[in-house]
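Spelled out, the chains give:
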Amino acid sequence: MVVCCCDGTVDGILTAVFDAWAAGVNDSRISIGKGNIEWFADYIDVVTDSSKASRVAAKVIDVMGYDAYEMIYFAAVSGADDRGEAIFGFIRKGLRIGRSIVSDLHDKYVMRVFELHRSSQREYQHVRGFLRFRDYKGYLIARIEPKNNICEILMQFFEDRLKQERFMIIDVIRGVAGVYDGNAGYMTGIDDDMLAGIRNMEITDEFGSLWNVFEDNIAIKPRYNPKLQQQNLPLRFRKYM
Amino acid sequence: MNICDNLDIMDKLAILSDAAKYDVSCTSSGTERSNNGRGIGNAAACGICHSFASDGRCISLLKILMSNECIYDCRYCVNRASNDVVRTSFTPDEICTLTMEFYRRNYTEGLFLSSGIVKNPTYTMGLLYQVVYRLRTEYNFGGYIHVKAIPGADRAVIEMTGWYADRMSVNLELPTTEGLKSLAPNKNRHNILTPMKQIQNGIKENVLRLNDNSTVYGTGIPFKEHGYTEESLAGRDAFSYGITRPGQDNARFVPAGQSTQMIIGATPENDYQLVTVAEALYKNYGLKRVFYSAFVNVNNDSSLPSTEAGPPLLREHRLYQADWLLRFYGFKASDLLSEDRPDFNVFIDPKCDWAVRHLEQFPVEINKAGYYTLLKVPGIGTNSARRIVNARKSARLDFEDIRKMGVVLKRAVYFITCSGRMMYRGIRMNEDFIVSNLADADMNIRRKIGNLTYKQISFFDDDTYADIMPEGFAQKNSYGVISGQM
């Protein structure tokens, strides 16, 4: 048994798929980090290699279709420890049976990828709506604390939407940020000292108070229902709203 | 009328959003559009919720009135001419700035613009047109815009607005002509349905034309060879689109379709009438959505029902459930209700109610039944039905599989088999048994939708009730059906 240990990023997991394939498909596993060390297994430290990752991605899209790749992507950004294992099983079967893999939900790996995809996709859709930018000297700054690593895909969405703006989305849990300067975007890491500052930073924005006036007035008082409000807009999303 | 011109923007926003809140439509769905490269904004087909107000309703658009001045005197409306409230208006620039700045900060998907009737309907519609025109052309706004079409406005200005909006809506307000006559004396059915038909025609023609264009430009075959002449095409334009059409060939007219809204519980219509009207609107006017608004007696008008105990929220909830059944599940209004049985059941949702009355069609075998048969099972929605149909191609499905796919077994379990077996031994295909179990499960739903108590069920009509419910159940629970609250 060969265990490929990767860093858990999307590229890392896809690189691990590449290496695991090279080590023998049926006799290998993928693990995020080291996991529980087993006897009688060889451990390989996978070095994330974006050219290997994009070869795997291209193959997946070609044989299994774009929907399958999207499922893999969203499963890969989820926080679940077994995501590497599930994605490997999914790709192993998918390359054999092709596009119909996305609906083969009886298979345990497919079902697991489907579940992970559903939960991180849901969070992405929530955050896409609940994320708030504050105007700081012409820059739009947003802070998020998502459960899944969705900063990069959020950037893709907002780069199209706010094409002429300069903005920044900061994941204050993982210490990563997406930056867009009005032309191109990139991802960057943020060190802990700076992160603490960002977390506590107060940015006042006059339109924020106008918005609060609107939010208060748009509610119909005889229908007051904070429980329903909290169900639809859980507290964990409100921190930076 | 107390008109204030010297208010600052915050006061205006407070007044004009407060006045707009009884419009329930808040969706931002129906248009998929990428950024045009010049300005700000795009639109997502599924729509995006940006916040939830303290009443639990979604906030997706900046929902405001252009002005709360109104020459009409509709009894149910907070802005009616006879009410003594502060009146004010936004300027087009104020609305554009608010829309742009809120959009930049990701507070909204765009703008929902309505207005009280200032001077006359055509003048008011012209004001709304100015805003959307400038927002799209001067401010380069690419987000979502929903505009009200004002009944009675000149058709030209309605059409002009339609070229810049994503969605338009004309409120039906009340489901019957009599209701409208008594509560909204300045409005009439004809004036409401005319713009609705006009917008429908515009959408149809636009879709047709865009297809025409792709034929023309795609294959190089001119219209003449299809039997059209340039003149006849121009003639058709003038007839159905009125005066202006934006320069681009690919301009789209109301691409997200139109919607409408009805007030529930202000007049004595029953649920059957409401659902039938909604069905006719979907069929004859091609509407995307019909919204239902639980009546709130904002004016404390003594000729209208009191809503001191709270608006009829459960009734509204049941109507929305039925509305979904009409649009996505292949049900007809006459399947759900009838003249003899005109109101929805309080205890179980319309789909369960239907299933219990049609036990001869159940149980359904998950591994064999067709898509539309699966859709009729309580607890199975469009997504899970599609997943089942696809997944069973490669394997036999069991209860655990379909639970993970999203089937709500709590409800479905009485109506399905997997490989010929029911999930539990004790399940009986018996109305009493199923209804009492389903009603217990549904109490959770009741808790979620509001602070609704049994006190709000104003009529206890055991006779009607006995007709609907299986005998055993009726004796066990002596509650009534929620009726028109009149």
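Thresholds applied
- Residues numbered from 1 in each chain as written.
- Chains lettered and ligands numbered in written order.
- Predicted model: local features only at pLDDT ≥ 70, side-chain atom pairs only at ≥ 80, totals over all residues.
- Heavy atoms only, no water.
- Helix = DSSP H or I, 4+ residues; strand = E, 2+ residues; numbered from the N terminus.
- Contact = heavy atoms within 4.5 Å.
- Areas by Shrake-Rupley, 256 points an atom, 1.4 Å probe, with all protein chains shown as cover.
- Phe/Tyr/Trp six-rings, centres within 6.5 Å; stacked < 30°, edge-to-face > 60°.
- Buried < 20%, exposed > 50% of the residue type's maximum accessible area, 1.4 Å probe, protein only.
- Lys NZ or Arg CZ within 6 Å of the ring centre and 35° of its normal.
- Buried area = accessible area lost by both parts, 1.4 Å probe.
- Salt bridge = Lys/Arg side-chain N within 4 Å of Asp/Glu carboxyl O.
- Polar contact = N/O pair within 3.5 Å; in protein donor to acceptor, adjacent residues only side chain to side chain.
- Pairing = 2+ DSSP bridges.
- Axes fitted to C-alpha atoms, helices over the stretch in contact; angles between N-to-C directions.
- Expected span 1.5 Å × (residues − 1).
- Core = buried A, V, L, I, M, F, W, Y, C linked by side-chain atoms within 4.5 Å.
- Right-handed = clockwise from strand over helix to strand, strands pointing away.

Caption draft 1: Here's a closer look at the overall build of chain B. Helix and strand counts for chain B stand at 18 helices and 12 strands. At a minimum sequence separation of 6, the contacts of chain B that also span at least 24 residues come to 69%. Summed over its atoms, the accessible surface of chain B is roughly 20,000 Å², and 51% of this surface lies on carbon and sulfur atoms.

Caption draft 2: Representation of the packing of aromatic side chains within the structure. Summed over all chains, the structure comprises 28 aromatic pairs over all chains. When the ring of tryptophan 211 of chain A is compared with that of phenylalanine 214 of chain A, the centres are 5.1 Å apart and the planes differ by 35°; the resulting orientation is tilted. Taken as a pair, tryptophan 211 of chain A and phenylalanine 214 of chain A lie in helix 8 (residues 206–218) at a separation of three residues, close to a single helical turn. Taking relative accessible area as the criterion, phenylalanine 214 of chain A reaches 0% and is therefore assigned buried. Seen from their ring centres, tryptophan 211 of chain A and tyrosine 107 of chain B are 5.1 Å apart, and the 25° between their planes marks the pair as stacked. Here the residue tryptophan 211 of chain A occupies a position in helix 8, and tyrosine 107 of chain B occupies one in the loop between helix 2 (92–104) and strand 6 (110–114), the pair thus bridging two chains. A relative accessible area of 5% means that tyrosine 107 of chain B is categorised as buried. Grouping aromatic residues by their ring pairs yields a cluster made of Phe331, Trp354, Phe362, Tyr414, Phe415 and Phe433 of chain B. In this structure, arginine 166 of chain A packs its charged tip against the face of tyrosine 139 of chain A, placed 4.5 Å from the ring centre. Seen from the ring of tyrosine 123 of chain B, lysine 119 of chain B lies directly overhead, with NZ or CZ sitting 4.5 Å from the centre.

Caption draft 3: Spotlight on the interface of chain A and chain B. Facing the 50 residues of chain A at the interface are 65 residues of chain B. For the pair chain A and chain B, the summed buried surface comes to about 5,200 Å²; carbon and sulfur atoms form 57% of the total. Across the contact surface, chain A and chain B share six salt bridges. In this structure, glutamate 316 of chain B engages arginine 223 of chain A in a salt bridge whose closest nitrogen and oxygen atoms are separated by 2.8 Å. Inspection of the region where chain A meets chain B yields 30 residue pairs in polar contact (both at pLDDT 80 or more). Every element with two or more residues in the side of chain A that touches chain B is listed here: helix 5 (108–130), helix 6 (151–161), helix 8 and helix 9 (226–232) of chain A. Of the residues forming the side of chain A that touches chain B, the biggest block, 10 residues, is contributed by helix 8 of chain A.

Caption draft 4: Fine view of the sheet that holds strand 8 (residues 185–189) of chain A. All names here are of chain A. Strand order in the open sheet made by the five strands is 4-5-6-7-8, with mixed pairing throughout. Every interior strand has two partners, whereas the edge strands, strand 4 (134–136) and strand 8, have only one. Along the sheet, successive strands turn relative to each other by an average axial angle of 25°, direction set aside. Where strand 4 lies against strand 5 (residues 139–144), three bridges are found, and the strand directions are antiparallel. Opposite aspartate 135, over in strand 5, you have leucine 140 as the bridge partner. Set on the sheet, helix 6 makes contact with strand 5, strand 6 (167–171), strand 7 (176–180) and strand 8; between it and strand 6 the angle comes to about 160°.

Caption draft 5: A look at helix 8 (residues 271–285) of chain B. Residue and element names in this part refer to chain B. The terminal C-alpha atoms of helix 8, which comprises 15 residues, lie 20 Å apart, in line with the 21 Å expected from a rise of 1.5 Å per residue. Those residues of helix 8 lying buried are Asp271, Tyr272, Leu274, Val275, Val277, Ala278, Glu279, Leu281, Tyr282 and Tyr285. Here helix 8 starts with a cap whose side-chain oxygen sits 3.2 Å from the backbone nitrogen of tyrosine 272, and that cap is asparagine 270. One or two steps after helix 8, the chain reaches glycine 286, where phi turns positive at roughly 55°.

Caption draft 6: Summary view of the sheet that holds strand 1 (residues 2–6) of chain A. All names here are of chain A. Ordered in space as 2-1-3, the three strands form an open sheet in which the pairing is parallel. Both edges of this open sheet fall to strand 2 (28–32) and strand 3 (42–45), since each of them pairs with a single strand only. Strand-to-strand twist across the sheet, computed as the mean angle between neighbouring axes with direction ignored, equals 25°. The pairing of strand 1 with strand 2 spans five bridges and is parallel.

Caption draft 7: View of the nonpolar core. Ranked by internal contacts, the top residues of the largest apolar core, which has 197 residues, are Ile169 of chain A together with Ile402 and Phe415 of chain B. Discounting residues that sit within four places of it in the chain, phenylalanine 415 of chain B has contacts with Ala355, Val356, Leu359, Phe362, Pro363, Val364, Val377, Pro378, Ile434 and Leu438 of chain B. Grouped together as the second largest cluster of nonpolar side chains are nine residues, Ile141, Ile170, Val172 and Ile198 of chain A included.

Caption draft 8: Quick look at the pairing of strand 5 of chain A. Residue and element names in this part refer to chain A. Burial of strand 5 is extensive: five of the six residues sit out of reach of the surface. Here strand 4 folds back onto strand 5, and the loop between the two strands holds two residues, one of which, lysine 137, carries a positive phi near 50°. As paired strands, strand 5 and strand 6 are joined by five bridges and run parallel to one another. Its bridge partner being in strand 6, leucine 140 is matched across the sheet by phenylalanine 167. In terms of handedness, the path from strand 5 via helix 6 over to strand 6 forms a crossover that is right-handed.

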